[in-house]
Amino acid sequence: MRDVAITGIGSTLFGKHEGRGLESLAVEAANAALRNAGVSRKEIGALYLGNFIAGPLSGQEVLAGIVADELGLENIPCTKVEGACASGGIAFRHAVLAVSSGQCDAALVVGVEKMTHASGGQVTQALNCAMDNRSDGPSGLTFPGLFGLAWRIHAEKYGTTRDEVSSVVIKNKANGLKNPLAQLGAELSFDTIRQSQSIADPIQLYDCCPVSDGAAAIVVVAKDRAKGAPDLPIDVLASVQTRGSPRIAGHRDIVSFDATVKAAEFAYRAAGLSPKDIDLVELHDCFSMAEIIDSEDLGLVPRGMGAKWAAEGRTRVGGDIPINPSGGLLAKGHPVGATGVGQLYEAVLQLRGIHANQVKDAGIAMTHNLGGSGIACTVSILKRPDA
Amino acid sequence: MSARAGFVDVLKCSACGALDAGPREICPACHASALSPEQVSGAGALLSWTVIRRPPAAFRAEGAYAVAVVELDAGIKVTGRLDAMDAGGRLGARVVLAENRNGVPIFRLA
């Protein structure tokens, strides 16, 4: 297998794009990534597009081919991949495989979602396609509900408090204020969070990521073709995908996801690294409690300490392990199919040393994208070439 | 199989005896295509619960409701509902099956 590097990144703003379609967002991000990589359209040998709910919310499928046609790519294989909220991360992994295996020398990854035109009930219903609807779905469970269930167990096992969880929200919202792409950065107080509406007890409004539109794109190339790229190429040390149980009943407990634990283990092994080598992580904080669980599952924070580390400031920029300097899903937004690609976009900016909320001397970055009730996960590790 | 009061419908593998909350096609333990309906006691322990205040469109008419995960004494986990929204919050509390509504087990505190 050949080494692979990222040479180009592009992204739209994450947020509400009134009157713009999926195709328009995807093409904006992809065009930016192609320009950033300095590749000609003829060189792109495959396109992988991550999207989750364009079918139910926009009545549009075959997006990969549509986007390639708009971009003027050749008659290359164009594949839409779906893995709920991990769709973007999975698209990236397939592009990496296409290049590392020698199927092509350059591939384009696009992630896109359009959600804000639909009603809250429609969005919740569409997102619920990511459950196993033979088992958990009929109870009326929602994803905020899943993390409400997890919260009670985390609190019982580890003594996690409302204000400790709020520390995650306050950090990510503050990080989001610094990110020009972010939808909902904010300066929040513990009181404001405590007084916000209940969504799925104990999950309250500020514990949830917003509903978002957006697209992000990445160009990956064989490393020996990366020389001469206009911007600093970033090495892909690992890009791993795993599955977990689609059902709550299949998880040992609800405060850890096997798919994340395994993906992290495989990614560290592939990269020859351990958690202490990671300079920053962009992880899947669809809810405050999700960040807490993810950070523990990735081995970056000791088990049970996810909220406490946030409360102690150890996960902010400048802390032991900066988590979601972009603002994460909570503040940057969560256009579902775009999220995993957006995380890689943020990681590349960090490793190029030009992020608006820069982690000092960032050399190694991790991204973590989780789908459904822990059914699909990707973990990637990226490296600045001189790190 | 007609429902017995207080019992939950699950699946049992006739090849290896494993129980599963189902629905499923093949036995997750031995992979035999030998799962058949079984009823087990609806008594168990409350693993966790939440109150869904923003239901998906299909459940909107119900207003807020409590979803619970219960570990049945038979050793399997099921996702269902709690009949009261103020369950008291104590994890590990004993519950029993109150009723079975459209295939969803509804539990109450014992």
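Residues numbered from 1 in each chain as written. Chains lettered and ligands numbered in written order. Predicted model: local features only at pLDDT ≥ 70, side-chain atom pairs only at ≥ 80, totals over all residues.

**Concerning the overall build of chain B**
So, point 1. A count of helices and strands for chain B gives 0 helices and 8 strands.
So, point 2. Starting at the N terminus and walking to the C terminus, you meet the elements of chain B as β-β-β-β-β-β-β-β.
So, point 3. Judged by the C-alpha coordinates and their principal axes, chain B covers about 40 × 30 × 25 Å.
So, point 4. By residue count, 37% of the 110 residues in chain B fall in the buried class.
So, point 5. Taking all contacts inside chain B whose residues are at least 6 apart in sequence as the whole, residues at least 24 apart take part in 49%. (Helix = DSSP H or I, 4+ residues; strand = E, 2+ residues; numbered from the N terminus. Buried ≥ 20, exposed ≤ 12 C-beta atoms within 10 Å, placed from the backbone. Contact = placed C-beta atoms within 7 Å.)

**Points about the overall build of chain A**
So, point 1. When helices and strands are tallied, chain A shows 13 helices and 11 strands.
So, point 2. For a compact globule of 387 residues, the expected C-alpha radius of gyration is about 21 Å, and chain A comes in at 19 Å, within 12% of that figure.
So, point 3. Viewed in the frame of its principal axes, chain A has a C-alpha envelope of about 55 × 45 × 35 Å.
So, point 4. Counting over 387 residues, chain A shows a buried share of 64%. (Rg over C-alpha atoms; globule rule 2.2 N^0.38 Å.)

**Some details on helix H4 (residues 87-100) of chain A**
Residues and elements named next belong to chain A.
So, point 1. A rise of 1.5 Å per residue sets the reference length of H4, with its 14 residues, at 20 Å; its end C-alpha atoms lie 20 Å apart and thus fit the reference within 8%.
So, point 2. By the criterion of burial, H4 is predominantly enclosed, with 11 of the 14 residues buried.
So, point 3. Here H4 has its buried residues at Ser 87, Gly 88, Gly 89, Ile 90, Ala 91, Phe 92, Arg 93, Ala 95, Val 96, Ala 98 and Val 99.
So, point 4. One or two positions beyond H4, positive phi appears at Gly 102, with a value near 90 degrees. (Expected span 1.5 Å × (residues − 1).)

**As for the domain arrangement of chain A**
All names here are of chain A.
So, point 1. Each domain of chain A was delimited in the assignment, giving domain 1 (4-119 + 211-235) and domain 2 (132-209 + 238-383).
So, point 2. Relative placement of domain 1 and domain 2: their C-alpha centres are 23 Å apart.
So, point 3. Taken together, the contact between domain 1 and domain 2 spans 39 residues of the former and 34 residues of the latter.
So, point 4. Elements supplying a minimum of two residues to the side of domain 1 that touches domain 2: strand S1 (4-11), H4, strand S4 (106-113), strand S7 (214-222) and strand S8 (234-243).
So, point 5. Considering every element that reaches the side of domain 1 that touches domain 2, the biggest residue donor is H4, with 8 residues.
So, point 6. Broken down by class, the residue content of the side of domain 1 that touches domain 2 amounts to 23 nonpolar, 11 polar and 5 charged. (Domains from an automatic or database assignment. Nonpolar A, V, L, I, M, F, W, Y, C, P; charged D, E, K, R; others polar.)

**Comments concerning the sheet that holds strand S9 (residues 280-282) of chain A**
Strand pairing in a sheet takes place through backbone hydrogen bonds and is either antiparallel or parallel in direction.
Residues and elements named next belong to chain A.
So, point 1. The mixed open sheet is built from 9 strands, whose spatial order is S3-S2-S4-S7-S1-S8-S11-S10-S9. Every interior strand has two partners, whereas the edge strands, strand S3 (78-81) and S9, have only one. Each neighbouring strand pair of the sheet contributes to a mean axis angle of 25 degrees, computed without reference to strand direction.
So, point 2. In terms of strand pairing, S9 meets strand S10 (residues 364-371) through 3 bridges, oriented parallel. Each residue of the ladder has a partner; that of Glu 282, found in S10, is Thr 367. (Pairing = 2+ DSSP bridges. Axes fitted to C-alpha atoms, helices over the stretch in contact; angles between N-to-C directions.)

**A word on helix H13 (residues 336-352) of chain A**
All names here are of chain A.
So, point 1. For H13, with 17 residues, the first-to-last C-alpha span of 25 Å sits near the 24 Å given by 1.5 Å per residue.
So, point 2. Taking burial as the measure, the 17 residues of H13 include 16 buried ones, the bulk of the element.
So, point 3. Note on H13: the residue one or two positions beyond its end, Gly 353, has a positive phi of about 80 degrees.

**Things to note about the interface of chain B and chain A**
So, point 1. Tallying the contact residues gives 27 residues for chain B and 28 residues for chain A.
So, point 2. Per-class residue counts for the side of chain B that touches chain A are 17 nonpolar, 5 polar and 5 charged.

**Observations concerning the packing of H4 of chain A against H13 of chain A**
Residue and element names in this part refer to chain A.
So, point 1. The contact between H4 and H13 brings their axes to 5 Å, and the two run at 55 degrees. In this view, H4 runs oblique relative to H13, as classed from their interaxial angle. For the pair H4 and H13, the contacting residues are Ser 87, Gly 88, Gly 89, Ala 91 and Phe 92 in the first and Val 336, Gly 337, Ala 338, Thr 339, Gly 340, Val 341 and Leu 344 in the second.
So, point 2. Looking at the contact of H4 with H13 residue by residue, the class counts come to 6 nonpolar, 6 polar and no charged. (Parallel < 35°, antiparallel > 145°, perpendicular 65-115°, else oblique.)

**Some thoughts on the nonpolar core**
All names here are of chain A.
So, point 1. The biggest cluster of nonpolar side chains holds 164 residues, and the ones touching the most others in it are Leu 47, Ala 107, Val 109, Val 110, Ile 218 and Val 220.
So, point 2. A domain split of this core shows at least three residues from each of domain 1 (4-119 + 211-235) and domain 2 (132-209 + 238-383).
So, point 3. When near neighbours in sequence (up to four residues on either side) are disregarded, Val 220 contacts Val 4, Ile 6, Ala 95, Val 96, Val 99, Ala 107, Val 109 and Val 236. (Core = buried A, V, L, I, M, F, W, Y, C linked by C-beta atoms within 7 Å.)

**Points about the pairing of strand S11 (residues 376-383) of chain A**
Residues and elements named next belong to chain A.
So, point 1. With respect to burial, S11 is a largely interior element, 8 of its 8 residues being buried.
So, point 2. Alternating residues of S11 divide into Ala 376, Thr 378, Ser 380 and Leu 382 and Cys 377, Val 379, Ile 381 and Lys 383, and every residue in both groups is buried.
So, point 3. The sheet contact formed by S10 and S11 spans 8 bridges and is antiparallel. Note on S11: the bridge partner recorded for His 368 is Val 379.
So, point 4. Joining the antiparallel neighbours S10 and S11 is a turn of 4 residues, in which Gly 372 adopts a positive phi near 60 degrees.

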